[in-house]
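# Remarks on the overall topology
In case you want the letters, here they are:
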Amino acid sequence: MIVAKSKVALIVACFVSLAVSLTGCGGEKELTSSTEYEGSSIELTGGEVETTDTGKEVLRVSATYTNSNSEPQYALSAFAVKAFQHDTEINDLSDINGSEAALIQEVKNGKSLSVSYVFELTDESPVEVFVCTPTASEEHIAKAVYLDTEQSSREETN
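In this report, we go over the structure that sits alongside the text. (Residues numbered from 1 in each chain as written. Predicted model: local features only at pLDDT ≥ 70, side-chain atom pairs only at ≥ 80, totals over all residues. Heavy atoms only, no water.)

## Observations regarding unusual backbone geometry
- Positive phi is not limited to glycine here, since histidine 86 has a value of about 55 degrees.
- Structurally, the position occupied by histidine 86 is in the loop between β4 (80-85) and β5 (88-89).
- By relative accessible area, histidine 86 is classed as exposed at 55%.
- Although it is not a glycine, glutamate 138 adopts a positive phi angle of roughly 45 degrees. (Helix = DSSP H or I, 4+ residues; strand = E, 2+ residues; numbered from the N terminus. Buried < 20%, exposed > 50% of the residue type's maximum accessible area, 1.4 Å probe, protein only.)

Shown next as structure tokens:
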């Protein structure tokens with residue numbers, strides 16, 4: 001009888017450890033402000049509120065794009081960058097024919113380029129900026145939060 005109870009206990013222990021290991025590995029990885037995808041990398045380096053000529057408040061997100069492919073690439077085609085306030089996507093006002101023209105400059109193998117993205121703010125609440133794969137699924141692969149006064153005060157006290 002003791003041997004049977006030991007076997008049951010062993011089987012239960014195996015199932016529990018298997019369940020724990022499966023749930024531990026299945027969690028989403030924490031997104032950072034930099035990522036790499038198919039030989040290109042991008043690092044979100046900062047965000048600054050600006051006012052446009054028309055009086056709109058916008059967030060300019062600065063980034064460094066690097067191409068490690070053998071063929072020239074453009075930052076605009078290597079990643080999709082989206083911004084959200086209150087879990088709703090906000091308008092991308094990046095002007096590739098104007099001040100954000102760097103998004104369509106060719107970058108050759110191993111070179112980097114400073115680029116920026118401009119998003120129309122709906123208010124002064126935090127903005128989540130996601131770097132996504134340039135595919136139909138637009139999988140989020142990097143993230144930064146800007147205008148988060150709570151996070152800024154925590155950083156100042158540390």
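From this point, the narrative continues.
## Focus: the pairing of strand β1 (residues 34-37)
- Here β1 runs beside strand β2 (residues 40-51); their pairing, made up of four bridges, is antiparallel. Counted as the bridge partner of glutamate 36 is serine 41 from β2. (Pairing = 2+ DSSP bridges.)

## Digging into the environment of valine 118
- Along the chain, valine 118 turns up in strand β6 (residues 111-120).
- The exposure class of valine 118 is buried, given its relative accessible area of 5%.
- Each C-alpha atom of the pair valine 118 and valine 49 lies 9.5 Å from the other, and the pair is 69 residues apart in sequence.
- Residues contacting valine 118, with those up to four places away along its chain left out, are Val58, Leu59, Arg60, Asn91, Asp92, Leu93, Ser94 and Glu100. (Contact = heavy atoms within 4.5 Å.)

## Structural notes on the sheet that holds β5
- Read from one edge of the open sheet, four strands run β5-β4-β7-β8, paired in antiparallel fashion. Looking at the sheet topology across the chains shown, the edges are occupied by β5 and β8 (140-146).
- Relative to β5, β4 runs antiparallel, the two sharing two bridges. If you follow glutamine 85 over to β5, its bridge partner there is threonine 88.

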